[in-house]
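# Topology and contacts: notes
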Amino acid sequence: MPDIQLLPETLAFLDRQHGQFIAGEAVAPSGTTTAFGVTNPATEDVIAQISPASDAEIDQAVAAAKASFEQVWADFNPYARGVMLNKLADLIEANGEQIAQLETLSSGKSINLSRMFEVQQSAIFLRYFAGWTTKIAGETLQPSFPSMTGEQYSAFTRREPIGVVAGIIPWNFPLMIAIWKLGAALACGCTVVLKPSEFTPLTILRVAELAREAGIPDGVINIVNGMGDVGAKLIQHPDVRKVSFTGSVATGKKVNLTAAADLTRCTLELGGKNTAALLKDADIDRAVGGLLQLGYIHQGQVCAAPERVYVHASRLDELLNKLGGALSQAPMGSPLDESVLFGPISNKPQYEKVCHYLNVANKENRVVVGGQAVAGPVNGKGYFVQPTIVQATSANDILMQEETFGPILSFMAYEEEDELLSLINNTPYGLGTSLWTNNLSATMRMIPKIESGTVWVNLHTMVDPAVPFGGVKHSGIGREFGSAFIDEYTEVKSVIMAY
Ligand code: NAD
């Protein structure tokens, strides 16, 4: 099919000179920093220019967030906060096609996925957070300390917003993850300075403008653009009270150290080497559908996606045959073509990383399907690779241990349940694991022993606003969603009274 038609408002947005978003305004480039380009990974064309934030702009963004926190947002009526978050969700949907197009042009995500995740899921998450604004509560407690003078005591706790939050965003779901941070922070009464990935800054810049239309007061949402150094300066700012980081383990460790140096609270959502485990009774057709959709979606650039698959030895051939057949037929091409399932890898460094792992696969393992970089549909350009199935030889193979963050799934057989458990836990990561089985006893035996923030049964990767999400071991610290986010974005104040 042909590419969809780009909207005039998409083209107009790309044409603008982008800088920061501070105190409710898109700030024109200061001219003190050198602009960088945003590249369309499907064509390698530079589609927009962004000026990175100067040190002065970082200070201004934090100052705007601090002033709006102290003067407006922390004491803003909780119901009104929720109304505004709901209104922002409505505006994201109303402008959904422009947002989806900006996303696909800058990240290579297929247009269908951009509509589904960056637009619809962002609105769903925002509405979930909007519902929490009126439900954030402390406790009433009865002190047991004996009274010396006959007086009595009573105590209660308050959940108070923590202050200015720095949100550092990766490029794989640039709007949805920004909304996770923004929605949680604003629901609790915090204000934010977001630092998008240098590869995908466009959609959240557009949404910041919509936030103003939604009535969210100036300064509550601020955005500073740039490379990692801008993120590092932002989190070192003394007025930042909390850092919420999503990204790689290597950067997360640095961020944690920097934040800890000034005792700034920090939550980390990091990488994974997630396992799908197919037990002896697994429904192979269901697992094939699941792996196709959830392992290779967005070219595998999904933090929770399965990258290593342990299959009961009696079922491995059947799985590889069926998945290989389905994968070979999946359409690859321009992400603006609605019939396409697989587009390009999102950016050049990530493409080079995935190509490195394809080389490893070809040298050290058996490539069952795929295994090559391929020419893109426009003049052979773009960062395209084949979705790949690899048969591993050992649980310690590079491809069974290192996060590729690409469309490379590695498969290995196992025999016994105990062996499977130790294979699943044989990784420094612990983000997500799926079990594919209807064997209830085995499932219930295994769940407590799996070192993983989430265990899915007969599905994988599903992330829902009502269900806490986060990693154990090197996959992170802290949880998002559910009510878990309230602990991360508020301070508990204890009040003890004598009467
Ligand atoms: P990255 O760590 O390279 O960059 C993430 C963000 O950090 C970017 O905005 C970057 O500019 C910024 N940054 C870089 N150096 C910094 C520093 N020293 N201080 C502060 N900020 C800095 O990650 P990425 O390549 O953008 O994203 C891919 C990674 O993110 C993968 O490992 C993936 O698993 C992980 N991820 C995890 C989750 C999750 O919820 N657990 C979700 C999405 C992605």
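Residues numbered from 1 in each chain as written. Predicted model: local features only at pLDDT ≥ 70, side-chain atom pairs only at ≥ 80, totals over all residues. Heavy atoms only, no water.

## Notes on the sheet that holds strand S20 (residues 432–436)
Using the following cut-off: Think of it this way: DSSP has to see at least two bridges between two strands before they count as a pair. Counting from the N terminus, the helices are the DSSP runs of H or I reaching at least four residues and the strands are the DSSP runs of E reaching at least two. Only the contacting stretch of a helix is used when fitting its axis, a line to C-alpha atoms as for every element, and angles between N-to-C directions run 0 to 180 degrees. In this description, contact between two residues means that some pair of their heavy atoms is separated by no more than 4.5 Å.
Reading across from one edge, S15-S18-S19-S14-S13-S20-S21 is the order of the 7 strands in this open sheet, with mixed pairing throughout. If you trace the sheet from one side to the other, it starts and ends with strand S15 (366–369) and strand S21 (454–457), each paired once. Neighbour to neighbour, the strand axes of the sheet diverge by 25 degrees on average, direction disregarded. Bridge analysis of S15 against strand S18 (residues 388–391) gives 3 bridges, and the strand direction is antiparallel. Looking at the pairing, Val-367 lines up with Val-390 of S18. Seen against the sheet, helix H11 (residues 316–329) touches strand S13 (274–278), strand S14 (306–312), S15, S18 and strand S19 (408–414) and runs at an angle of roughly 160 degrees to S18.

## As for helix H1 (residues 8–15)
Note the cut-off: Residue exposure (1.4 Å probe, protein chains only): buried if accessible area is under 20% of the type maximum, exposed if over 50%, otherwise partly exposed. By definition, the arc is the one covered by directions from the helix axis to the C-beta atoms.
Of all the residues in H1, the buried ones are Thr-10, Phe-13 and Leu-14. Looking down the long axis of H1, one finds its buried residues gathered within 100 degrees of arc, a one-sided arrangement. For H1, exposure combined with an orientation more than 90 degrees from the buried face picks out Pro-8 and Asp-15. Those residues of H1 that are buried lie in contact with strand S1 (17–18), strand S5 (46–50), helix H4 (96–107) and helix H7 (202–213).

## Considering the site of the ligand
Note the threshold: Nearness here has a simple test: a residue counts as near a molecule or strand if at least one of its heavy atoms is within 4 Å of that partner. Any pair of N or O atoms that falls within 3.5 Å is considered a polar contact. Within protein, one atom must be able to donate a hydrogen and the other to accept it, and sequence-neighbouring residues count only if both atoms are side-chain atoms. Residue polarity is assigned by list, with Asp, Glu, Lys and Arg as charged and Ala, Val, Leu, Ile, Met, Phe, Trp, Tyr, Cys and Pro as nonpolar; anything else, Gly included, falls into the polar class. By convention here, the domain bounds are inherited from an automatic or database domain assignment.
Residues in contact with the ligand amount to 28 residues; listed here are only the nearest, Lys-195, Glu-198, Ser-248, Leu-270 and Glu-403. Here Glu-403 contributes a side-chain N or O atom positioned 2.6 Å from an oxygen atom of the ligand. For the shell around the ligand, the elements supplying multiple residues, two or more each, are helix H8 (228–236), strand S11 (240–246) and helix H9 (249–261). Here the shell around the ligand takes 3 residues from H8, the largest share from any one element. Across the shell around the ligand, the residue classes break down as 15 nonpolar, 9 polar and 4 charged. When residues of the shell around the ligand are assigned to domains, at least three fall in each of domain 1 (8–270 + 477–495) and domain 2 (274–464).

## A short note on the domain arrangement of the protein
How we decide: Buried area: the sum, over both parts, of the accessible surface (1.4 Å probe) that disappears when the two are put together. The salt bridge criterion pairs a side-chain nitrogen of Lys or Arg with a carboxyl oxygen of Asp or Glu, the two atoms within 4 Å.
Domain boundaries assigned for the protein yield domain 1 (8–270 + 477–495) and domain 2 (274–464). A C-alpha centroid distance of 31 Å is found between domain 1 and domain 2. The interface is formed by 27 residues belonging to domain 1 together with 30 residues belonging to domain 2. Between domain 1 and domain 2, the buried area comes to about 2,300 Å², and carbon and sulfur atoms account for 65% of it. If you look at where domain 1 meets domain 2, you find 1 salt bridge.

## Describing the pattern of salt bridges
Taken as a whole and judged by the stated rule, the model has 25 salt bridges. Put simply, Lys-322 and Asp-285 hold a salt bridge, and the shortest N to O gap is 3.1 Å. Remark: Asp-285 occurs in helix H10 (residues 284–296) and Lys-322 occurs in helix H11; sequence separation between them is 37 residues. Residues joined in a network through salt bridges with shared partners are Asp-285, Arg-315, Glu-318 and Lys-322.

## Topic: helix H6 (residues 174–188)
Heads up, the condition is: A helix is expected to span 1.5 Å for every residue after the first.
Look at H6: 22 Å from first C-alpha to last across 15 residues, which is about the 21 Å you get at 1.5 Å a residue. Counted residue by residue, H6 has 15 buried out of 15 residues, so it is predominantly covered. Positive backbone phi, at 95 degrees, marks Gly-189, one or two positions downstream of H6.

## A closer look at the sheet that holds strand S6 (residues 140–141)
Read from one edge to the other, the open sheet built from 3 strands follows the order S6-S7-S23, with strand pairing classed as antiparallel. A single partner strand is all that each edge strand has here, and the edge strands are S6 and strand S23 (490–498). By the bridge criterion, 2 bridges tie S6 to strand S7 (residues 153–161) in an arrangement that is antiparallel. Across the sheet, the residue bridging to Thr-140 is Phe-156, located in S7.

## Thoughts on the packing of aromatic side chains
Worth spelling out the cut-off: Here the aromatic set is Phe, Tyr and Trp, taking the six-membered ring for Trp, and pairing holds for ring centres within 6.5 Å; pairs whose planes are under 30 degrees apart are stacked, those over 60 apart are edge-to-face, and all others are tilted. Lysine and arginine charges are scored as sitting over a ring when NZ or CZ, respectively, is within 6 Å of the ring centre and within 35 degrees of the ring normal.
Taken as a whole and judged by the stated rule, the model has 13 aromatic pairs. Judged by centre distance (4.8 Å) and plane angle (80 degrees), the ring pair of Trp-180 and Phe-481 falls under edge-to-face. Of this pair, Trp-180 sits in helix H6 while Phe-481 is found in the loop between strand S22 (476–477) and helix H16 (484–489), placing the two residues 301 residues apart along the sequence. Relative accessible area serves as the criterion here: at 6%, Trp-180 is assigned to the buried category. Here the aromatic cluster, defined as three or more aromatic residues joined through ring pairs, consists of Phe-125, Trp-180, Phe-469 and Phe-481. Here the basic side chain of Lys-242 rests over the ring of Tyr-489, its NZ or CZ set 4.8 Å away from the ring centre.

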